[in-house]
Amino acid sequence: MGKIAVDLERALARQAADGAPGRTAGRRVAAGDGWSVDDVLCTFGPADRPFEEQHAAVSIGIVVAGTFQYRSALGRDLLTPGSFLLGHSGECFECGHEHATGDRCIAFKYAPDAFERLAADAGVPKGQRRFRTPRLPPVRELSALVARAASAVIASRDAPWEELALQVAGTAIRVASGLRYDRATATAGAHARVSESIRNIERHPGARWALSRLGAEAGLSPFHYLRTFQQVTGVTPHQFVLRARLREAATRLAREQTKVIDIALDAGFGDISNFNHAFLAEFGAAPAAYRKSGRRTVVTAPPPARSGGNRPAPDRPPRAR
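Residues numbered from 1 in each chain as written. Predicted model: local features only at pLDDT ≥ 70, side-chain atom pairs only at ≥ 80, totals over all residues. Heavy atoms only, no water.

## Brief notes about the environment of R104
On the secondary structure map, R104 appears in strand 9 (residues 103–110). What makes R104 buried here is its relative accessible area of 5%. Each C-alpha atom, one on R104 and one on G66, is 6.4 Å from the other, the two residues being 38 residues apart in sequence. If sequence neighbours within four positions are ignored, R104 has contacts with K3, I4, D7, L8, D39, V40, L41, I62, V63, V64, A65 and V153. Of the polar contacts made by the side chain of R104, one reaches the side chain of D7; its length is 3.1 Å. (Helix = DSSP H or I, 4+ residues; strand = E, 2+ residues; numbered from the N terminus. Buried < 20%, exposed > 50% of the residue type's maximum accessible area, 1.4 Å probe, protein only. Contact = heavy atoms within 4.5 Å. Polar contact = N/O pair within 3.5 Å; in protein donor to acceptor, adjacent residues only side chain to side chain.)

Written out as structure tokens, the structure reads:
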């Protein structure tokens, strides 16, 4: 399990030991002209009742650990690691943990006029600069940004947050504008089964996750499990497991000196050739080249105390994204 997920598990363990109620804590990691980034760790669970909130800015939340339900006027979706939560200023929404406890998101917020300019610069036509879907599934177009954001939030001292903020906004609006969104919502039972599967995969991405095993653990036939998983997440189980492994490998490559072959084997790849091919297809760079570029922008030393726009933010209101 990667450090991102480990931090969440430790927070949940501390909460259970203390008998404390669920809460959402946000840490401001960066801010600039019309944008900000918060590392948001949530320990709410099934016993906590969701309530309606309102987005105060254009919101793009990258989910990096855990799962939760996101409801808006556009529909009800299960948010999973690798997916993007989307919302516009003034829109009402709910976040809930009906089936499992806790999640961690990297929340990018944009002033509406700043986001409008970014969407225009990204080449999105004026009539298509609003999200028409509440989330983006964990597809290939998002993988590099998810891995870079996860690496940056672990050691944010010299992370290129301004670049990431611009790239996240441009990529999200481009992908969303071309995405055909199915408003049909899955049942609560389907969300529960898939959520449990995803959390098991997240704990041990390098394990052997055969479709027959996943289906059996969910109490479904392989056929029905495949259909249910794809309906809920927007990707197949194979695609989800592959991207979970590749994101974990990318984060380790940027932060560690461990041999590439050892990272590949730990991530669940049977040989280095298969890993190299999959990594290049997902991130557009070979593992060694990705490691060199990551080393230039991500440091492993703990960040010093910051001032001004990078001051840690106080605890955020429950469920705020």
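## Thoughts on the pattern of salt bridges
Side-chain pairing between opposite charges can occur once the charged atoms of the two side chains come close. Under the defined criterion, the tally for this structure stands at 17 salt bridges. One salt bridge in this structure joins R252 and E256, with 3.1 Å as the shortest N-O distance. Taking the relative accessible area as the measure of exposure, R252 reaches 17% and is therefore buried. E256 sits in the partly exposed class, given a relative accessible area of 24%. Among the ionic pairs, R252 bridges to D266, the shortest N-O distance being 3.1 Å. (Salt bridge = Lys/Arg side-chain N within 4 Å of Asp/Glu carboxyl O.)

## Here we look at helix 5 (residues 188–203)
With 16 residues, helix 5 ought to run about 22 Å at 1.5 Å a step, and its terminal C-alpha atoms sit 23 Å apart, in line with that. Within helix 5 the residues assigned to the buried category are A190, H191, V194, S195, S197, I198, R199, I201 and E202. (Expected span 1.5 Å × (residues − 1).)

## Some words on a nonpolar patch on the surface
Together, I261, L265 and I272 make up an exposed nonpolar region whose accessible area comes to about 230 Å². For L265, the location among the structural elements is in helix 9 (residues 260–266). A relative accessible area of 45% places L265 in the partly exposed class. (Patch = residues over 30% accessible without salt bridge, like charges linked within 9 Å, V, L, I, M, F, W, Y side chains within 5 Å. Areas by Shrake-Rupley, 256 points an atom, 1.4 Å probe, with all protein chains shown as cover.)

## Some thoughts on the pairing of strand 1 (residues 24–32)
Where strand 1 and strand 2 (residues 35–42) come together, eight bridges link them in antiparallel fashion. Bridging across to strand 2, G26 finds its partner in V40. Counting the residues that bridge the hairpin from strand 1 to strand 2 gives two residues, and of these G34 lies at a positive phi of roughly 85 degrees. (Pairing = 2+ DSSP bridges.)

## What to know about the sheet that holds strand 5 (residues 68–72)
One open sheet accounts for four strands, arranged 3-8-5-6; its pairing is antiparallel. A single partner strand is all that each edge strand has here, and the edge strands are strand 3 (53–54) and strand 6 (75–79). Where strand 3 meets strand 8 (residues 92–96), two bridges bridge the pair, whose relative direction is antiparallel. What sits directly across from Q54, in strand 8, is C92. Across the face of the sheet, helix 5 comes into contact with strand 5 and strand 6 while running at roughly 20 degrees to strand 6. (Axes fitted to C-alpha atoms, helices over the stretch in contact; angles between N-to-C directions.)

Purely geometric stuff here, so don't read any function into it on its own.
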